[in-house]
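# Structural description and commentary
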Amino acid sequence: MKKIAFIGLGNMGLPMARNLLKAGHELKVFDLVQAAVDELVAEGAKAANDAHDAVAGVDLVVSMLPASRHVEGLYLGDDGLLAFIRAGTLVLECSTISPDAARKVHARAKALGIDLLDAPVSGGTAGAAAGTLTFMVGGDGKTLEKARPVLAAMGKNIFHAGPEGAGQVAKVCNNQVLAVQMIATAEAMALGVANGLDPSALAEIMRQSSGGNWVLERYNPWPGVMANAPASNGYQGGFMAELMAKDLGLAQEAAQLTQNSTPMGALALQLYKMLLKQGKGRQDFSVVQQLFIEPEA
Ligand code: NAD
């Protein structure tokens, strides 16, 4: 069993850390929000005073932060964490950030003899709680083999996407598809209900027909269709719209670099920006439903 520092205990990090505890690892945890730390301490983790304290004496570090700036801020610079992590330690950086930011953190880690992987995830908060996340890993294949048992305590599918930053490239491609599916599903739900259909009946017909997709299977945006979906809980929890807007922006940046045409991704980003302007950025990304029709909760 390993001594693990876990930094970033939000919607995803907290259940991921919980699964590492359940697997018998020793955890030191840190988040800027004390309540999240307290919750895991009650379940057997040790509280760290700050991120530097968290990484002292551990074998492995996991981080799950919102965006590139948080990850660069945590690891890089003279006072950055990498300068305080001992050589040979394994670092699993699981946040969704730009491939470029991931490569910068990789380069610094490599220079210091630290094994680092970019390992963003898919599967949402339900997958994080169930330990069934998909990991998309960028970095050295041998390092991935060392990390595999720890990743397996949090996820079911572990893919080696390629070299440094490749996990992030796979992740932004995936989330662009997810956003487009979510918007298309919300648009169709609104159209069907406005034309007199029962939302649950429509959802089930589409789920079992050629329009079926991951959103219809697990994450319907219409309140009441799926009891466990954020839409049935006031669009709370889940994956915040502002994080989806961030990921769509990362996809656009990647497309810019390679001159790829991504019209669906560009439109999806514009629609999510509208939601953010309406003050809905901290609600689950399925709140995009309200751009088409405001369902009665
Ligand atoms: P979140 O905002 O709920 O959690 C982030 C946590 O990081 C917060 O608790 C915050 O206090 C903490 N934090 C920020 N800066 C910190 C620092 N310097 N030190 C310590 N803690 C710090 O976000 P989330 O939904 O858990 O998402 C985390 C990452 O996972 C994001 O990159 C997101 O894009 C990605 N992701 C989220 C989902 C999802 O369904 N929520 C799914 C897949 C991937």
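Residues numbered from 1 in each chain as written. Predicted model: local features only at pLDDT ≥ 70, side-chain atom pairs only at ≥ 80, totals over all residues. Heavy atoms only, no water.

The cut-off we apply is this: UniProt positions are given in the numbering used here, feature names are shortened, and annotations may be inferred rather than shown by experiment.
Where an unreviewed UniProt entry is consulted, the protein appears under the name 3-hydroxyisobutyrate dehydrogenase, with the organism given as Pseudomonas tohonis. UniProt annotates the protein under Pathway (unreviewed entry) with the comment "Amino-acid degradation; L-valine degradation."

### Quick word on the domain arrangement of the protein
The condition that has to hold: Where a domain begins and ends is set by an automatic assignment or by a domain database. Accessible area that two parts lose when put together, with a 1.4 Å probe and added across both, is what the buried area reports. One speaks of a salt bridge when a side-chain nitrogen belonging to Lys or Arg is within 4 Å of a carboxyl oxygen belonging to Asp or Glu. Identification of polar contacts relies on pairs of N or O atoms within 3.5 Å, with a donor-acceptor requirement for protein atoms, meaning one able to donate a hydrogen and the other able to accept it, and with residues adjacent in sequence counted only if both atoms are side-chain atoms. The numbering of helices and of strands both runs from the N terminus, where a helix is a DSSP run of H or I of at least 4 residues and a strand a run of E of at least 2.
Taken domain by domain, the protein consists of domain 1 (3–163) and domain 2 (169–291). For the pair domain 1 and domain 2, the summed buried surface comes to about 1100 Å²; carbon and sulfur atoms form 67% of the total. Among the residues of domain 1 in contact with domain 2, T96, P99 and M136 are the three that bury the most area, contributing 37% of the side total. Here domain 1 is connected to domain 2 by zero salt bridges. Summed over the shared surface of domain 1 and domain 2, the number is four residue pairs in polar contact (both at pLDDT 80 or more). Those elements giving two or more residues to the side of domain 1 that touches domain 2 turn out to be α5 (99–111) and β7 (121–122).

### A word on the site of the ligand
Rule in force here: By convention in this text, a residue qualifies as near a molecule or strand provided that one of its non-hydrogen atoms is within 4 Å of it. Reported accessibility uses the Shrake-Rupley method at a 1.4 Å probe radius. Residues are deemed covered only where the shown protein chains occlude them. Each residue is assigned to one of three groups, with Ala, Val, Leu, Ile, Met, Phe, Trp, Tyr, Cys and Pro labelled nonpolar, Asp, Glu, Lys and Arg labelled charged, and all others, Gly among them, labelled polar.
Close to the ligand lie 25 residues, the nearest being N11, M12, D31, P66 and T96. Contact between the ligand and M12: an oxygen atom at 2.9 Å from a main-chain N or O atom of the residue. T96 has a polar backbone atom sitting 2.9 Å from an oxygen atom of the ligand. Protein coverage of the free-state accessible area of the ligand, which is 840 Å², stands at 89%. Those elements that place two or more of their residues in the shell around the ligand are α6 (124–130) and α11 (241–258). Here the residues of the shell around the ligand are counted per class, giving 13 nonpolar, nine polar and three charged. Residues lining the shell around the ligand come from more than one domain, with at least three contributed by each of domain 1 (3–163) and domain 2 (169–291).

### Topic: the nonpolar core
The condition is simple: Here, nonpolar core refers to any group of buried Ala, Val, Leu, Ile, Met, Phe, Trp, Tyr and Cys residues whose side-chain atoms link them within 4.5 Å. For every residue, the accessible area (1.4 Å probe, protein chains only) is compared with the maximum for its type, and the residue is labelled buried under 20%, exposed over 50%, or partly exposed between those bounds. Any pair of residues with heavy atoms lying within 4.5 Å of one another is described as a contacting pair.
Judged by nonpolar contacts, the single largest core of 34 residues is most densely connected at F6, L9, M16, L27, L92, F135 and L151. Counting only elements with at least two residues in this core, the list comes to β1 (3–7), α1 (13–22), β2 (26–30), α2 (34–41), β4 (60–63), β5 (90–93), β8 (133–138) and α7 (141–152). Top element by residues in this core is α1. It accounts for five residues. Those residues in contact with L9 that sit more than four places away from it in its chain are L14, A17, V29, F30, D31, A36, V37 and L40.

### Re the packing of helix α4 (residues 68–75) against α5
What counts, and what does not: Between N-to-C directions, angles span 0 to 180 degrees; the directions come from axes that are lines fitted to C-alpha atoms, helices contributing only their stretch in contact. In what follows, roughly perpendicular refers to angles from 65 to 115 degrees, roughly parallel to angles under 35, roughly antiparallel to angles over 145, and oblique to any angle outside these ranges.
Two numbers describe how α4 lies on α5: the axes approach to 10 Å, and their chain directions differ by 10°. In terms of orientation, α4 and α5 fall into the roughly parallel class. Side by side, α4 and α5 meet where S68, V71, E72 and Y75 of the first sit next to A101, K104 and V105 of the second. In the contact of α4 with α5, the residues fall into four nonpolar, one polar and two charged.

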